[in-house]
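Okay, here's what each chain looks like letter by letter:
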Amino acid sequence: MKRSEFIANRLREVLLNGYWIANTNYKDQLLSLTWEQAIYKIADLNTIGALTYHINYYLSGILNVFKGVVFSK
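Residues numbered from 1 in each chain as written. Predicted model: local features only at pLDDT ≥ 70, side-chain atom pairs only at ≥ 80, totals over all residues. Heavy atoms only, no water.

Overview of the side chain of Thr52
Operational definition: Numbered from the N terminus, helices here are DSSP runs of H or I no shorter than four residues, and strands are runs of E no shorter than two. Throughout, a contact is declared for two residues whenever any of their heavy atoms are within 4.5 Å.
For Thr52, the location among the structural elements is in helix α4 (residues 48–67). Dropping the residues within four chain positions of it, Thr52 is found in contact with Tyr26 and Leu30.

Examining α4
Definition in use: Given a helix with a known number of residues, its expected span is that number minus one, times 1.5 Å. Only protein chains enter the area calculation, which uses a 1.4 Å probe; residues under 20% of their type maximum are buried, those over 50% are exposed, and those in between are partly exposed. By construction, the arc corresponds to the directions joining the helix axis to the C-beta atoms.
Compared with the 28 Å implied by 1.5 Å per residue over 20 residues, the 28 Å span of α4 between its first and last C-alpha is a close match. Within α4, burial applies to Thr52, Leu59 and Ile62. The arc that holds every buried residue of α4, seen down its axis, measures 90 degrees, which confines them to one face. In α4, the exposed positions angled more than 90 degrees off the buried face are occupied by Tyr53, Tyr57, Tyr58 and Val65. Where α4 is buried, its residues contact α1 (3–17) and α2 (26–31).

Focus: the environment of Asp44
Position of Asp44 relative to the elements: it lies in the loop between α3 (35–39) and α4. Between the C-alpha atom of Asp44 and that of Ser4, which follows or precedes it by 40 residues, the distance is 37 Å.

Describing the confidence of the model for the protein
Rule in force here: On a scale of 0 to 100, pLDDT captures the predictor's confidence in every residue.
With 90% of its residues at a pLDDT of 70 or more, the protein has an overall mean of 83. By mean pLDDT, α1 is the weakest element of the protein at 78, and α3 is the strongest at 95.

Re the side chain of Thr47
Definition in use: Each polar contact in these results corresponds to two N or O atoms within 3.5 Å; when the atoms are within protein, one needs to be able to donate a hydrogen and the other to accept it, and residues that are neighboring in sequence are counted only if both atoms are side-chain atoms.
Mapped onto the elements, Thr47 comes out in the loop between α3 and α4. A polar contact of 3.0 Å, which involves the side chain of Thr47, links it to the backbone nitrogen of Ala50. The residues touching Thr47, leaving out its near neighbours within four places in the chain, are Ala38, Ile39, Tyr40 and Lys41.

A closer look at the packing of α1 against α4
Inclusion rule: Each axis is a line fitted through C-alpha atoms, taken for helices only over the stretch in contact, and angles between the N-to-C directions span 0 to 180 degrees. Just so you know how the angles are binned, under 35 degrees is roughly parallel, over 145 roughly antiparallel, 65 to 115 roughly perpendicular, and the rest oblique. Helix crossings get a hand from a simple test, with the near helix turned counterclockwise from the far one by less than a right angle marking a left-handed crossing and a clockwise turn marking a right-handed one. Each residue is assigned to one of three groups, with Ala, Val, Leu, Ile, Met, Phe, Trp, Tyr, Cys and Pro labelled nonpolar, Asp, Glu, Lys and Arg labelled charged, and all others, Gly among them, labelled polar.
Two elements in contact, α1 and α4, have axes whose closest approach is 12 Å; the angle formed by their N-to-C orientations is 155 degrees. On the basis of their axis angle, the class for α1 and α4 is roughly antiparallel. Here the hand of the crossing between α1 and α4 comes out left-handed. Contacts from Ile7, Leu11 and Leu15 of α1 reach α4 at Leu59, Ile62 and Phe66. Looking at the contact of α1 with α4 residue by residue, the classes come out as six nonpolar, no polar and no charged.

Okay, here's the thing in structure tokens:
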């Protein structure tokens, strides 16, 4: 198995259909939230909505690397 396939499989397992980390699944956890819960602010902590945005932003960058997209300045 190629390294990229291995990494893609682990990401898929963690985010979409597995319970590899702490017996939880990112997709399942988000699907069970309401919009109000996702934007609820507690003290100085980030909201679940903000964390989700940042995770998706990070993953879009990783996907570009896997696809071989090169960014130039």
